[in-house]
Amino acid sequence: KEDQGKQDKSNYELNVTWKLDAETPAVLVLTSSNYEYTGGAHGMFGTNSLIWDKRRQQSVAFLDLFSDKEAAKAAIMPAYCAMLDAERVGMRGEPTARDELFGDCPDPFEGPEPFPVKLNDGHFLRIGFALPPYFAGPYVEGEYAFDIAAPDYITRLLKPEYKDLFQSY
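All figures in this text were calculated on a predicted structure; none of them were measured in a lab. (Residues numbered from 1 in each chain as written. Predicted model: local features only at pLDDT ≥ 70, side-chain atom pairs only at ≥ 80, totals over all residues. Heavy atoms only, no water.)

**Quick word on the environment of Met-91**
What counts is decided by this rule: Helix numbering and strand numbering both begin at the N terminus, where a helix is a DSSP run of H or I of at least 4 residues and a strand a DSSP run of E of at least 2. Whether a residue is buried, partly exposed or exposed follows from its accessible area with a 1.4 Å probe, protein chains only, as a fraction of its type maximum: under 20%, in between, or over 50%, in that order. Contact between two residues is taken to exist if any of their heavy atoms lie within 4.5 Å; hydrogens are not considered.
By secondary structure assignment, the location of Met-91 is in helix H1 (residues 69–92). On the accessibility criterion, Met-91 (42% relative accessible area) is partly exposed. Note: C-alpha distance between Met-91 and Tyr-12 (79 residues apart in sequence) is 30 Å. The residues contacting Met-91, other than those within four sequence positions of it, are Glu-141 and Tyr-144.

Structure representation (structure tokens):
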């Protein structure tokens, strides 16, 4: 048969909805809600973000806001991992050992981009994360969405053109 082995794609689905989360004089922060089904037991869902530099008229990756990307990543990781562990305890009812499946602290810069959140007087206060199923936990736990503080030891690493994005504290 000619169509043997071909898969019916009529039941595939992709839905992406973008919304403006925040706007400052320098940037727009947009997030998308995504759902995709390409066959199998279930579809996948999650959140993506986009930081739009209004002066340059282009998107900018979160780590590109910083003059030293590795130092910024190193400054963010401890608070991110601690918050992820707390979220997991809330979900699972007990701590998960690092050597267990979905017990490690996955690199948030290898998944959907972190993004600035919580505006106060035109300045961001926190860094948001939206980790899809299978990134930090099993599908049944869903998306891990949380934010961490952006204190001075992180924000002092911002490039000069982005220094005014975050509130100092």
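**Comments concerning the nonpolar core**
Note the following rule: In this text, buried Ala, Val, Leu, Ile, Met, Phe, Trp, Tyr and Cys residues form a nonpolar core when linked through side-chain atoms within 4.5 Å.
Membership of the largest hydrophobic core comes to 37 residues, with the highest contact counts inside it found for Leu-65, Phe-66, Ile-76, Tyr-80 and Ile-127. Residue assignment for this core shows that the elements contributing at least two residues are strand S2 (27–37), H1, strand S5 (115–120), strand S6 (123–131) and strand S7 (144–149). In terms of residues, this core owes the most to one element, H1, which gives seven residues. Dropping the residues within four chain positions of it, Ile-127 is found in contact with Phe-62, Ile-76, Pro-114, Phe-115, Val-117, Phe-146, Asp-147, Ile-148, Ala-149, Ala-150, Ile-154 and Phe-166.

**Some points on the environment of Thr-38**
As for its placement among the helices and strands, Thr-38 is situated in the loop between S2 and strand S3 (44–53). With 46 residues separating them in the primary sequence, Thr-38 and Leu-84 have C-alpha atoms 29 Å apart.

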